[in-house]
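# Observations on the three-dimensional arrangement
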Amino acid sequence: MTATEGIDIKCVGLTKTFRDFWMRPRVKAVEGLDLEVRRGQVYGLLGPNGSGKSTTIKMLLGLLSPTKGRIAVLGRRPRDVATKKHVGYLPEESYLYRFLSARETLDYYGRLFRLPASVRRERIDMLLDMVGLEAVEHRPVGEFSKGMQRRVGLAQSLINDPQLLILDEPTSGMDPVGARQIKDLIADLGRRGKTVLLCTHQLSDVEDLCDRVAIMFGGRVHAEGRCDELLVQEDSTTIRTDSLPDGVVNEIRGVLARHGIGHLDVERPRRRMESLFLEIVERARAQGTETSGARSGGQVADFLRGHEAAKRRDAPAVPAAVGAGVADAPVETARPVDTGLIDSLINR
Amino acid sequence: MAASSISRTPRPERASGLDGQRALGAWLAALVGIVAIGLGAAWLLESQGSGQVAGVLRLLTLAATIIWAASGLFRIAVPAGPWPATAGYAALLGGGAAVAELVARAGFAGSFGLGLTLQVIAAAASAWWTWRVFRGAPRWRVQAAWSAATIASAAAVWFLVRHDWPVAATGLAGVTGMAVGCVLGLAGLRQALSGAAGIPGVARTVLDEAVRMRVSVALLVLLVVMVPTLPLLLDHSERLAYRVQFFLNWALGGTGLILGLLTIFLACGSVCGDIDSGRIHMTLAKPLDRWEYLVGKWLGIVAFNLLMVALAGAGTYTFTKVLGGTLAADDADRDAVDRQVLTARAEVLPAHDKPEEYDAAIDAAIRQLEQDEPDAFRRNPAAARRRIRQEYDWQWHTVTPDMVSTFVFHGLPTGSEGVQLQVKPRANNVDIDLADVRFVLSINDRPWPIVDGQHVEQTLPSQAVTTLEIPAEALGDTGTIRLTVANRNLVPAGETRPTAITFSPGDGMKVLHRVGGFDGNFVRCLLVIWFKLAMVAAAAVAAATFLGFPTAVLLAMVVYFAALGSGFLRDALGEYNVVADSALGSVAERIVAAAGLAAQFRFYEAGRMLLGFISDLVLWLVPAFSDYDAVAKLATGIAVPMGNVLSCLFKIGIVYPVVIGLLGWVVFDRRDLIRSST
């Protein structure tokens, strides 16, 4: 298989048929799938339950072997240890050793990546801080809630600062704060040239984050393309401005009528539930309300922002806020980011 | 709202006190310095004749050591104020002990008991204090519990010793020692497996799993409780030599069995658990080859077994020594303990007086059979030959009344040490099981033993093992003795002919001589147990690569018990079936024979032959644990030769695990890592 520069995932005619004990074909989970994900893309794999998303991901990770077709991940075979060194994976459910603590869990996966002890310690500190579990790091993971386990799962997928991050339903089981944080993280990673394969049925996540999407059904891709191209409604235009008095609206109606356009909807934009929720949690935290669960989590860990060597305590204080990762950095034009949300957070 | 208004909770300060390696080194150096200077000065003072001052100095050194050690301990947990914590600890333990000792020596009625009680209260209070100080530091909560439990247990042992209950004290001290050893050993193994690589990483997690899995904890408790308490349960009226033998047999046999089961549950549980829960997806998405995963699992279990075998071994060794040191029934009993159980002896089996003639006679008999019954012979020549040899051996080992038999023993020591003749005679033709057997012996054609000028006749119970000491003088210096047995059995009442005496080949008659000590033998025995467990671990891991948990456990158990019972199975199947000398030659031979039988429509016989072939194949596949029966040897004071240990390491500990592991890997490497449907 040739290693094409700039293509991190390449599948050609990928097919997976599950067989039963007697080797009779039972389920055709993926059929003739072609996929190409370029470096630096945030790629969304969309589809209803049982459409073959997870099967595809498991083949990309070398956990399942394809019945037919070819796969190259980072230009190599998926099972190659050199490939897996640069891949991070968050499975759809958090499969953790119940008896290990959060810190021990991350340490275990850090060892598998052959990270030296000092690097492991530093990164684990940062990751626990980032996912907001630093206060419960010595509790066995089995005692954690689903969302907290999910946070451990997210942290372990990042411990090697992966070039390719494969996320299977990353926001499932997460509270909106955590979900927002994951989205910020993905946006951050994308900006750093990392490749993210996002597999989800949270359509809003895809809309917020992805450059390209593929929509799967019955093991086949039914639509593929740039997110903004797929979503743009060619037959309508939205104008957003300050609140208008009725007279101005009537004037606009007049202008439109002159151009032969009779249809105009005028409504007050509603805030999204997400931004309202985040704001309330934020206010409660500012008032110092105690919680025994996961904390908000801090900023995206330094090593994921490309500051591996920077000492955590000496690092410049990046405003640590939910949503700050997005607000902080210039938003690339190519990336559809919900600017309305950021506005609502900052200009409350 | 400004984003920066969010207050980040500061990370809790990481326990710093002794975290730095330099701080730890300084603390250790100071500890060693205190002990060295204090004890050195005391020794100097004593050599100058100031014994009392030296005594006081020693006490002060002890106190300083305890205080320094405690301060170091508390600095881990309470970086802010280790000294108040240390002061509290020293006051509770030291003050309590001093007051208690004064009360105990005061001499009023009941003062001794009161002093002891005070001492226990002081120890309990310091245990509670340790627990309390550590409780605030979640990282050290487990260590706190252990420290407190150890202090409390030590106090209880002290109490039992002072109250003159040494047996209970030994038992409790043993349990505590094993538990503490378990924790420390585990920490050591985790440290040894702390490398940043795949195999040790997986192995280390298996260790954690072993400790935290409920089945393994239950079996562990059983092990830790069984070994130290077994000596207490033995019947004290029994002879000491038998008690020591029984203890060794059951403690080590039980250890092997419990650890064998634990290994199977742990290995299958760990691998199947990973696959069924999906944890394996996360592990194998990391840069880890599948074979590394399997080797890591195996290594973790083998490391765990090493710890367990060492612990059970240490416990068994200690209690064997304690038991062996208790009062024997009489001098002979004491002698038996020292020279027949707690020793390592080599066995020499008898050779025929005239080996060439003997072999020639057997060959002739075989040729005769070949001529008389060519069909029966050709069906399995190896078995026929073996049968004839066995018949001759029985004949030779049977001393009829009209005959004198000679047995030759080669390769005996020529030094000043004597040897032991162990016989298990059986009186033939007597219906009464325990009839006495009577015979006289000669060594190198001289009557033996001679007491007061009389040649002593041996009168021994039938079917019982008797050991006769042969002194060095009687041996000569050739390293070879000829032992002649003359039957002296009378005609039993109601019988018409006198009774023959059989010393069954193999275990009826042997000469034993000391080749080493008990300690080395004990270590070799533990090694053999460990190697066998390594094989069981490989079988269980391999089974779990393609089967679900219950089925994998079942398969691994079948292999384990087949290996344990391989000696018995071989004997049983060998009687009926055909066990060939060379596996390869017999395959072709038997397939041809079976085909020939089938061609003659003798399907029953052909089927039987095929079944025999299959059972042989299974026996050939399953490792023979019975070739390495180290525990039985150890308990009877027989040396486990180093060659046997190495052969066990090679075959059972390396070749089998590698072969089985390869089989498992071939399956595992190809399978899809999803929940097993079977």
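Residues numbered from 1 in each chain as written. Chains lettered and ligands numbered in written order. Predicted model: local features only at pLDDT ≥ 70, side-chain atom pairs only at ≥ 80, totals over all residues. Heavy atoms only, no water.

## A few points about the overall build of chain A
In terms of regular secondary structure, chain A is built from 12 helices and 9 strands. Per-residue burial for chain A yields a buried fraction of 50% across its 348 residues. Total accessible area on chain A stands at roughly 17100 Å², and carbon and sulfur atoms take up 52% of it. (Helix = DSSP H or I, 4+ residues; strand = E, 2+ residues; numbered from the N terminus. Buried < 20%, exposed > 50% of the residue type's maximum accessible area, 1.4 Å probe, protein only. Areas by Shrake-Rupley, 256 points an atom, 1.4 Å probe, with all protein chains shown as cover.)

## Looking at the overall build of chain B
Check the secondary structure of chain B and you find 23 helices and 15 strands. In chain B, buried positions account for 44% of the 678 residues. In chain B, once contacts between residues fewer than 6 apart in sequence are set aside, the share between residues at least 24 apart is 77%. (Contact = heavy atoms within 4.5 Å.)

## Details of the pattern of salt bridges
All told, the structure shown has 38 salt bridges over all chains when counted by the stated rule. Measuring nitrogen to oxygen at the nearest pair gives 3.4 Å for the salt bridge that ties Lys194(A) to Asp161(A). Note that Lys194(A) is positioned in the loop between helix H6 (176-191) and strand E7 (195-200) and Asp161(A) in the loop between helix H5 (146-158) and strand E6 (164-168), a separation of 33 residues in sequence. Here Lys194(A) falls in the buried class, since its relative accessible area comes to 9%. On the basis of relative accessible area, Asp161(A) is assigned to the buried category, the value being 18%. Across the pair Arg339(B) and Glu469(B) runs a salt bridge whose closest N-O atoms are separated by 2.5 Å. (Salt bridge = Lys/Arg side-chain N within 4 Å of Asp/Glu carboxyl O.)

## Structural notes on the sheet that holds strand E6 (residues 425-427) of chain B
Residues and elements named next belong to chain B. Strand order in this open sheet of 3 strands is E3-E14-E6, and the pairing throughout is antiparallel. Strand pairing shows two members of the sheet lacking a second neighbour, strand E3 (398-399) and E6, which therefore form its edges. Alignment of E6 against strand E14 (residues 501-503), held across 3 bridges, turns out to be antiparallel. Paired with Ala427 across the strands is Ile501, a residue of E14. (Pairing = 2+ DSSP bridges.)

## Comments concerning the packing of aromatic side chains
Taken as a whole and assessed by the stated rule, the structure comprises 19 aromatic pairs over all chains. Where Tyr108(A) meets Tyr109(A), the ring centres are 4.9 Å apart and the plane angle is 50°; that geometry is what we call tilted. Judged by its relative accessible area of 0%, Tyr109(A) falls in the buried class. Residues Tyr317(B) and Phe518(B) carry aromatic rings whose centres are separated by 6.2 Å and whose planes lie at 15° to one another, so their mutual orientation is stacked. With a gap of 201 residues between them, Tyr317(B) in helix H11 (residues 290-325) and Phe518(B) in helix H17 (residues 518-544) connect regions that are remote in the sequence. Taking relative accessible area as the criterion, Tyr317(B) reaches 26% and is therefore assigned partly exposed. Look at Phe518(B) and you get buried, because its relative accessible area is 4%. Here the aromatic cluster, defined as three or more aromatic residues joined through ring pairs, consists of Tyr358(B), Tyr392(B), Trp396(B), Phe407(B), Phe439(B) and Phe503(B). (Phe/Tyr/Trp six-rings, centres within 6.5 Å; stacked < 30°, edge-to-face > 60°.)

## Quick look at the packing of H17(B) against helix H18 (residues 549-564) of chain B
The geometry of a pair of packed helices is captured by two quantities: the angle between their axes and the separation between those axes. All names here are of chain B. H18 packs onto H17 with a crossing angle of 150° between their chain directions and a minimal axis gap of 8 Å. Between H17 and H18, the angle is such that the two are roughly antiparallel. H18 is crossed by H17, and the crossing has right-handed handedness. Touching Met535, Val536, Ala539, Ala540, Ala543 and Ala544 of H17 are Ala552, Leu555, Ala556, Val559, Tyr560 and Ala563, all from H18. Looking at side-chain class alone, the contact of H17 with H18 contains 12 nonpolar, no polar and no charged residues. (Axes fitted to C-alpha atoms, helices over the stretch in contact; angles between N-to-C directions. Parallel < 35°, antiparallel > 145°, perpendicular 65-115°, else oblique. Left-handed = near helix turned anticlockwise from the far one by under 90°. Nonpolar A, V, L, I, M, F, W, Y, C, P; charged D, E, K, R; others polar.)

## Notes on the sheet that holds strand E2 (residues 25-38) of chain A
Residues and elements named next belong to chain A. Here 3 strands make up an open sheet; going across it, the order is E2-E1-E4 and the pairing antiparallel. In this open sheet, the two edge strands, each paired with only one partner strand, are E2 and strand E4 (68-73). Here the average twist between neighbouring strands, direction ignored, is 20°. Note that strand E1 (residues 7-19) and E4 share 5 bridges and pair antiparallel. For Ile9, the partnering residue across the bridge sits in E4 and is Val73. Strands E1, E2 and E4 of the sheet are contacted by helix H1 (residues 53-60), whose axis makes an angle of about 115° with E1.

## Details of the environment of Ala100(B)
With respect to the secondary-structure elements, Ala100(B) resides in helix H3 (residues 82-106). Remark: the alpha-carbon pair of Ala100(B) and Phe112(B), spanning 12 residues in sequence, is separated by 8.8 Å.

## Comments concerning the environment of Met178(B)
If you trace the backbone, Met178(B) turns up in helix H6 (residues 166-192). Here the alpha-carbon distance between Met178(B) and Gly313(B), two residues 135 residues apart in the chain, equals 10.0 Å.

## A look at the environment of Ala41(B)
By the secondary structure assignment, Ala41(B) is in helix H1 (residues 21-47). Sequence separation of Ala41(B) and Arg58(B) is 17 residues, and the distance between their C-alpha atoms is 8.9 Å.

## Focus: helix H3 (residues 102-112) of chain A
A large share of H3(A) lies buried, amounting to 10 of its 11 residues. Turning to H3(A), its buried residues are Ala102(A), Arg103(A), Thr105(A), Leu106(A), Asp107(A), Tyr108(A), Tyr109(A), Gly110(A), Arg111(A) and Leu112(A). For H3(A), the elements touching its buried residues are helix H4 (117-131) and H5 of chain A together with helix H7 (198-212) and helix H10 (279-284) of chain B. Once H3(A) finishes, Arg114(A) follows within two positions and takes phi at roughly 60°, a positive value.

## Some points on the confidence of the model for chain A
Residues and elements named next belong to chain A. On average, residues of chain A score 78 in pLDDT, and 83% of them reach the 70 mark or higher. Of all helices and strands in chain A, the one with the weakest mean pLDDT is helix H11 (residues 324-328) (37), whereas strand E5 (residues 87-90) scores best (92). Segment residues 309-348: pLDDT under 50, and 68 contacts once partners within four positions in sequence are set aside and those in other chains are kept. (pLDDT = per-residue confidence, 0-100.)

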